[in-house]
Amino acid sequence: LEADVNVLQILALANEALTLCFKLKELAKANGATDAELDAIDMKLTEIIERRKGQA
Amino acid sequence: MRYQNRVYVALIILALALSACAGTIRDRVRTSALMASETALSLDALEQQLAPSLTPEQRVVTNKATLAMLEAVRTYERAVRIWPESLPAMPASVWEAQRDAINAIVALERVFEDTPGSGKLLANLRKLRESIGG
């Protein structure tokens, strides 16, 4: 019976750890630059590069 | 027996925490690529402000070096953009683009080193280099 309780405790703790890790990952993603942000800045850089090539 | 179980639990938690941290490296690099690109845009504006005070020969040199820097930063941003989420380690393409971007920034720093009134531009170039990891 004691062994069963230990296994259940481990499973419960592992479940909590998993939940915490998923939350951490979501939080990290929220802090990282999105594809849309990178695409927008890429367009601005491309515009400026083309303008400079025209000046050269 | 109970002590052994606690060790297992601690190991499981540690492994999961490490996997969670591995996911954040890509996100951190993506954010730094975005910041680097924004700094590169501000550098373009600063160079345009400084251009009228330069000789035509100097303008040719600064335009060429600024263009090389902008292209290198864009290549870095693009390499970071296509970094697959499933890949926890930084891909070789990102390392290479990072190295090339740092080289282009250093080359531009050298061009502006002796140009009067370029203090703000040089400070931004240092900021750009540091945000990329150089």
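Worth saying up front: this structure is predicted, and the values here are computed from it rather than measured. (Residues numbered from 1 in each chain as written. Chains lettered and ligands numbered in written order. Predicted model: local features only at pLDDT ≥ 70, side-chain atom pairs only at ≥ 80, totals over all residues. Heavy atoms only, no water.)

### Focus: the overall build of chain A
- The helix and strand tally for chain A stands at two helices and zero strands.
- Counting every position in chain A, which comprises 56 residues, the buried fraction comes to 27%.
- For chain A, the accessible surface area stands at approximately 4000 Å², while carbon and sulfur atoms represent 63% of it. (Helix = DSSP H or I, 4+ residues; strand = E, 2+ residues; numbered from the N terminus. Buried < 20%, exposed > 50% of the residue type's maximum accessible area, 1.4 Å probe, protein only. Areas by Shrake-Rupley, 256 points an atom, 1.4 Å probe, with all protein chains shown as cover.)

### What about helix α2 (residues 35-55) of chain A?
Residues and elements named next belong to chain A.
- Look at α2: 30 Å from first C-alpha to last across 21 residues, which is about the 30 Å you get at 1.5 Å a residue.
- Of the residues making up α2, those classed as buried are Leu 38, Ile 41, Asp 42, Leu 45, Ile 48, Ile 49 and Arg 52. Seen from one end, α2 has its buried residues packed into an arc of 135°, which puts them on one side. Those residues of α2 that are exposed and aimed more than 90 degrees away from the buried face are Ala 36, Met 43, Glu 47 and Gly 54. (Expected span 1.5 Å × (residues − 1). Arc of directions from axis to C-beta.)

### Some details on the packing of helix α3 (residues 92-112) of chain B against helix α4 (residues 119-132) of chain B
Residues and elements named next belong to chain B.
- One way to put it is that α3 packs onto α4 with a least axis distance of 10 Å and a crossing angle of 165°. With respect to α4, the element α3 is oriented roughly antiparallel. The interaxial crossing formed by α3 with α4 has left-handed handedness. From α3, Gln 98, Ala 101, Ile 102, Ile 105, Val 106, Leu 108, Glu 109 and Phe 112 reach across to α4, where they touch Leu 121, Leu 122, Leu 125, Arg 126, Leu 128, Arg 129 and Ile 132.
- By residue class, the composition of the contact of α3 with α4 is 11 nonpolar, one polar and three charged. (Axes fitted to C-alpha atoms, helices over the stretch in contact; angles between N-to-C directions. Parallel < 35°, antiparallel > 145°, perpendicular 65-115°, else oblique. Left-handed = near helix turned anticlockwise from the far one by under 90°. Contact = heavy atoms within 4.5 Å. Nonpolar A, V, L, I, M, F, W, Y, C, P; charged D, E, K, R; others polar.)

### Structural notes on the nonpolar core
- Ranked by internal contacts, the top residues of the largest apolar core, which has 39 residues, are B:Met69, B:Tyr76, B:Leu128 and B:Ile132.
- Elements supplying a minimum of two residues to this core: α2 of chain A together with α1 (2-50), α2 (56-81), α3 and α4 of chain B.
- Filtering out sequence-adjacent residues up to four positions away, B:Tyr76 remains in contact with B:Val29, B:Ser32, B:Ala33, B:Val94, B:Ala97, B:Gln98, B:Ala101 and B:Ile132. (Core = buried A, V, L, I, M, F, W, Y, C linked by side-chain atoms within 4.5 Å.)

### Quick word on the packing of α2(A) against α2(B)
- Closest axis-to-axis distance for the α2(A)/α2(B) pair is 10 Å, and the angle between their directions is 155°. Considered as vectors, α2(A) and α2(B) are oriented roughly antiparallel to each other. α2(B) is crossed by α2(A), and the crossing has left-handed handedness. Here A:Asp35, A:Leu38, A:Asp39, A:Ile41, A:Asp42, A:Leu45, A:Thr46, A:Ile48, A:Ile49, A:Arg52, A:Lys53 and A:Gln55 of α2(A) come into contact with α2(B), specifically with B:Asn63, B:Thr66, B:Leu67, B:Leu70, B:Glu71, B:Arg74, B:Glu77, B:Arg78 and B:Arg81.

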